[in-house]
Amino acid sequence: MALAKRIIPCLDVENGRVVKGVKFLDIRDAGDPVEVAKRYDEQGADEITFLDITASHEGRDTMVHTVERMASQVFIPLTVGGGIRTCDDIRKMLNAGADKVSINTAAVFNPEFVREAAQRFGSQCIVVAIDAKKVSQPGEPDKWEIFTHGGRKPTGLDAVEWAKKMVEYGAGEILLTSMDQDGVKNGYDLGVTRAVSEAVHVPVIASGGVGNLDHLVDGCIEGKADAVLAASIFHFNEYTIPQAKQYMREHGIEVRL
Amino acid sequence: MSSIAVIDYGMGNLHSVAKALEHVQPGIEVRVTADPEQVRSADRVLLPGVGAIRDCMAEIRRLGVDKEVREAIASGKPFLGICVGYQALMQFSEENDGVDCLGEFEGRVNFFGDELKDAAGERLKVPHMGWNEVQQTLDHPLWAGIDNGSRFYFVHSYYVKLANRSQVAATCEYGVEFDVALAYNNVFATQFHPEKSQKAGLQLLQNFLNWDGRR
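Reference entry: report on the structure contained in this document. (Residues numbered from 1 in each chain as written. Chains lettered and ligands numbered in written order. Predicted model: local features only at pLDDT ≥ 70, side-chain atom pairs only at ≥ 80, totals over all residues. Heavy atoms only, no water.)

Observations regarding the overall build of chain A
- Within chain A, the secondary structure is distributed over 10 helices and 12 strands.
- Over its C-alpha atoms chain A spans a radius of gyration of 17 Å, differing by no more than 12% from the 18 Å that the globule rule assigns to 257 residues.
- With the C-alpha coordinates aligned to their principal axes, the bounding extent of chain A is approximately 50 × 45 × 40 Å.
- Counting every position in chain A, which comprises 257 residues, the buried fraction comes to 58%.
- Contacts in chain A between residues far apart in sequence, at least 24 positions, make up 65% of those at least 6 positions apart. (Helix = DSSP H or I, 4+ residues; strand = E, 2+ residues; numbered from the N terminus. Rg over C-alpha atoms; globule rule 2.2 N^0.38 Å. Buried < 20%, exposed > 50% of the residue type's maximum accessible area, 1.4 Å probe, protein only. Contact = heavy atoms within 4.5 Å.)

As structure tokens, this is what we get:
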């Protein structure tokens, strides 16, 4: 009897549609976000994450409506990320029905924003998203650095130290994406996942690179993640959520069935 | 049609709980309000809450919600507390260097601690976030149709221990064993979020809306 490891399907949403690309390029349409979320809810997903990758203001308003529609039909926790820069952005998403918001680039440019948000809305709804890339060479001690702008801009910040700092500032959860792995389906970067998970006392969600069910198992056991996030394996029906959970259970991982 | 007042004291997202209530009983009048008259005239009362207890208690007192809660509990109408809305019913919380709560029930709200470990000695993360098994400790109309041991969604760093063990309706284990549901007369309260706990949670909300406040 223990807390279950969570399986979180992630929906990248652009202008009100679910999309999925490989390494942030080559985007494919994967449907209406509310329909997709409902399907995952019925299958037994433990949470849903929406990442808004829309650049325009109109797109942002669409996202608020999407969250509203979703919140009246799906009764599991919902995290919304992408373009969250001010407390007003957070308030809007929470009022629309989000349970948590994920802050990424804004945290890098203004860490105090995380502190302010956590004080105002509570740590339980502040997720800090970290996009990390391995920067050490083979033979050197492992080192991962934070990148912004979809993995294009290095920041010079060490991923593990940054995660610790964000938790001190009030992050209630860390969403850790490996930029090397994202979309390439070779599995999570287990090294950075484990390093961050062991360094902080809040839950860590592993993200980026899932191509099969063993990757989910590895993320929980070797990566010590508290939750595993995946997108394309679920969107394109390679695997269902119940298949994933059954497989994890067979490998000794506590899941909600 | 029956009505339910979801007490709004400015803390957190009441949209989810209101939507979940409308989902399980279409046509129900859900009043998200702090207006004493609206609360008083509702058939049922729900006290939600997320965030830090000090801010919650400050707003509860500033808006006179403490009086509304006391009256609702005394009136005998079905009353449901959720998460911080459960913790607030206790006497005292350790959070924010110690905060006096409403004192409707004898109990304390304690911190999980930084050194929390499971039976095998593995470190446990705080907050306790996710789906955990809820062990029902008494028969109650709100458990109707919900298997004992069903998982519910939690997110909290502080837990309730009730002084009067006959009021414990369910327990859960996360490094320590703690009380995740309270039942006493017309009052039921949960640490977990039924509005976010899919089928089991929606069943509990449905049971609450069908409940007459008696055991």
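Some details on the sheet that holds strand S7 (residues 107-111) of chain B
All names here are of chain B.
- Spatially, S6-S5-S7-S11 is the arrangement adopted by the four strands of the open sheet, whose pairing is mixed. In this open sheet, the two strands that pair with only one neighbour each are strand S6 (99-100) and strand S11 (158-162).
- Inspection of the sheet shows S7 paired to S11 by five bridges, in the antiparallel sense. Across the sheet, residue Phe111 finds its bridge partner in S11, namely Tyr158. (Pairing = 2+ DSSP bridges.)

Re the interface of chain A and chain B
- In this assembly, 40 residues from chain A lie in contact with 31 residues from chain B.
- Buried surface at the junction of chain A and chain B, both sides included, amounts to about 2,900 Å², of which 53% is carbon and sulfur.
- The interface formed by chain A and chain B includes four salt bridges.
- Across the salt bridge formed by Glu254 of chain A and Arg151 of chain B, the nearest N and O atoms sit 2.7 Å from each other.
- Put simply, chain A and chain B have 17 residue pairs in polar contact (both at pLDDT 80 or more) between them.
- Of all the secondary-structure elements, those providing two or more residues to the side of chain A that touches chain B are helix H1 (33-43), helix H2 (57-71), helix H3 (87-96) and helix H7 (190-199) of chain A.
- Top contributing element to the side of chain A that touches chain B by residue count: H3 of chain A, with three residues. (Buried area = accessible area lost by both parts, 1.4 Å probe. Salt bridge = Lys/Arg side-chain N within 4 Å of Asp/Glu carboxyl O. Polar contact = N/O pair within 3.5 Å; in protein donor to acceptor, adjacent residues only side chain to side chain.)

Notes on the packing of aromatic side chains
- Throughout the structure, instances matching the rule amount to 13 aromatic pairs over all chains.
- Aromatic pair Tyr159 of chain B and Phe178 of chain B: ring centres 5.6 Å apart, planes at 55°, arrangement tilted. Of the two residues, Tyr159 of chain B is situated in strand S11 and Phe178 of chain B in strand S13 (residues 176-184); the sequence distance between them amounts to 19 residues.
- Ring centres of Phe208 of chain B and Trp211 of chain B lie 6.2 Å apart, and the angle between their planes is 50°; this geometry places the pair in the tilted category. The two residues Phe208 of chain B and Trp211 of chain B agree in class, both being buried.
- In textbook terms, an aromatic cluster arises when at least three aromatic residues are bridged by ring pairs, as seen for Trp143, Phe152, Phe154, Phe188 and Phe192 of chain B.
- Its guanidinium or amino end placed over the ring of Tyr40 of chain A, Arg39 of chain A lies 5.3 Å from that ring's centre, counting from NZ or CZ. (Phe/Tyr/Trp six-rings, centres within 6.5 Å; stacked < 30°, edge-to-face > 60°. Lys NZ or Arg CZ within 6 Å of the ring centre and 35° of its normal.)

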